[in-house]
Amino acid sequence: MGSTRVDLTVMEALHDAFRRDLDTLTRAAAALGSDPDALERVRLGWHVLADQLHHHHTVEDEQLWPLVRRSWRRSPDALDVLDAMEDEHELVDPALAAVGEAVRSEQSPADALDRLHTVVRDHLAHEEAEAMPLIVAAVSPRDWDAFGAKQARSLGLRGAAEFFPWLLQGQDDIRTEKVLGVLPPPLRWAYRRRWQPQWSERNRVLVG
């Protein structure tokens, strides 16, 4: 396979954001009944996480993994890894649904969150260990850039104004600057002056 220099910073930040939100929700669920903000934190945090996780996995299944498959179509071992990624997504969906049902019915989501946390944690670790190296080893910078541009068009300005503040919540300065580097200067300005402050205000129970 040809060499490549694709930058997986955004993908790595996404994985850490999922872990962050699952940790926050697990703590909030454990505090139900003792913390007056816990119920709002669970409801709001759950809807944000569910939307982002569902979108991420849809993009992977419909666009990213087919792109990677083309480069590894002659490697049964690599194709087995990509099959496993899609199979693991099938485990995430019912785990997501179980948490959503508990939240909607105002029951404790603690047990369902524990299950979701385990499923997502194991999947992310597997993806990082075996699938992300396949991207780095085989996807060309041109194809990776085209994939990113397609995601940007799909996201739009309104989606970006939600996605980037959520993604970068709690991330360190070095990673934040690297992620923001995918945006043109006017949108980096918009992130700092508008998107991030407005998102933090709307979601202050999650960032306070």
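Above this text you will find the structure in question.
Treat the numbers as computed from the prediction; the structure is a model and nothing was measured. (Residues numbered from 1 in each chain as written. Predicted model: local features only at pLDDT ≥ 70, side-chain atom pairs only at ≥ 80, totals over all residues. Heavy atoms only, no water.)

Q: Would you mind going over the environment of E60 in detail, with residue names and values included?
A: Along the polypeptide, E60 turns up in helix α2 (residues 38-71). Overall, the relative accessible area of 1% leaves E60 in the buried class. Those residues in contact with E60 that lie beyond four places of it in its chain are M11, W65, P66, H89, H123 and E127. Within the local environment of E60, its side chain forms a polar contact with the side chain of H89, the two groups lying 3.0 Å apart. (Helix = DSSP H or I, 4+ residues; strand = E, 2+ residues; numbered from the N terminus. Buried < 20%, exposed > 50% of the residue type's maximum accessible area, 1.4 Å probe, protein only. Contact = heavy atoms within 4.5 Å. Polar contact = N/O pair within 3.5 Å; in protein donor to acceptor, adjacent residues only side chain to side chain.)

Q: Report on the packing of aromatic side chains, specifying residues and quantitative values.
A: Considering all chains together, one arrives at four aromatic pairs under this definition. Ring geometry for W144 and F147: centres 5.3 Å apart, planes at 35°, overall tilted. Linking W144 with F147, this pair stays in helix α5 (residues 141-168), spanning three residues, or about one helical turn. Judged by relative accessible area, W144 falls into the buried class, the value being 13%. Exposure remark for F147: the relative accessible area of 14% places this residue in the buried category. (Phe/Tyr/Trp six-rings, centres within 6.5 Å; stacked < 30°, edge-to-face > 60°.)

Q: Tell me about the nonpolar core, and name the residues and values.
A: By size, the foremost hydrophobic cluster in this structure holds 41 residues, and its most contacted members are W46, L116, F164, W166, L167 and W195. Taken together, the elements giving at least two residues each to this core come down to α1 (9-30), α2, α3 (76-104), α4 (110-138), α5, α6 (173-180), α7 (185-202) and α8 (204-207). The element contributing the most residues to this core is α1, with eight residues. When sequence neighbours within four positions are dropped, the list of residues in contact with W195 reads L157, A160, A161, F164, P165, L183, L187 and A190. Among the nonpolar cores identified, the runner-up in size contains 21 residues, and V59, L67, W72 and F147 belong to it. (Core = buried A, V, L, I, M, F, W, Y, C linked by side-chain atoms within 4.5 Å.)

Q: Give me the lowdown on the pattern of salt bridges, citing residues and values where you can.
A: Per the counting criterion, the structure on display carries 13 salt bridges. When the shortest N-O distance is used, the salt bridge between D16 and R19 registers 3.1 Å. Here R19 and D16 lie together in helix α1, a separation of three residues that amounts to about one turn. Overall, the relative accessible area of 24% leaves R19 in the partly exposed class. Put simply, R20 and D21 hold a salt bridge, and the shortest N to O gap is 2.8 Å. One exposure class covers both R20 and D21, and it is buried. Here the salt bridges do not stand alone but share partners, grouping D16, R19, E128 and R175 into one network. (Salt bridge = Lys/Arg side-chain N within 4 Å of Asp/Glu carboxyl O.)

Q: So what's going on with unusual backbone geometry? Which residues, and what values?
A: Within the chain, E106 stands out as a residue other than glycine whose phi angle is a positive 60°. Relative to the elements of secondary structure, E106 occurs in the loop between α3 and α4. Residue classification places E106 among the exposed residues on the basis of a relative accessible area of 60%.

Q: Outline the packing of α1 against α2, listing residues and values.
A: One way to put it is that α1 packs onto α2 with a least axis distance of 9 Å and a crossing angle of 150°. With respect to α2, the element α1 is oriented roughly antiparallel. For α1 against α2, the interelement crossing comes out left-handed. Looking at the contact of α1 with α2 residue by residue, the class counts come to 15 nonpolar, five polar and three charged. (Axes fitted to C-alpha atoms, helices over the stretch in contact; angles between N-to-C directions. Parallel < 35°, antiparallel > 145°, perpendicular 65-115°, else oblique. Left-handed = near helix turned anticlockwise from the far one by under 90°. Nonpolar A, V, L, I, M, F, W, Y, C, P; charged D, E, K, R; others polar.)

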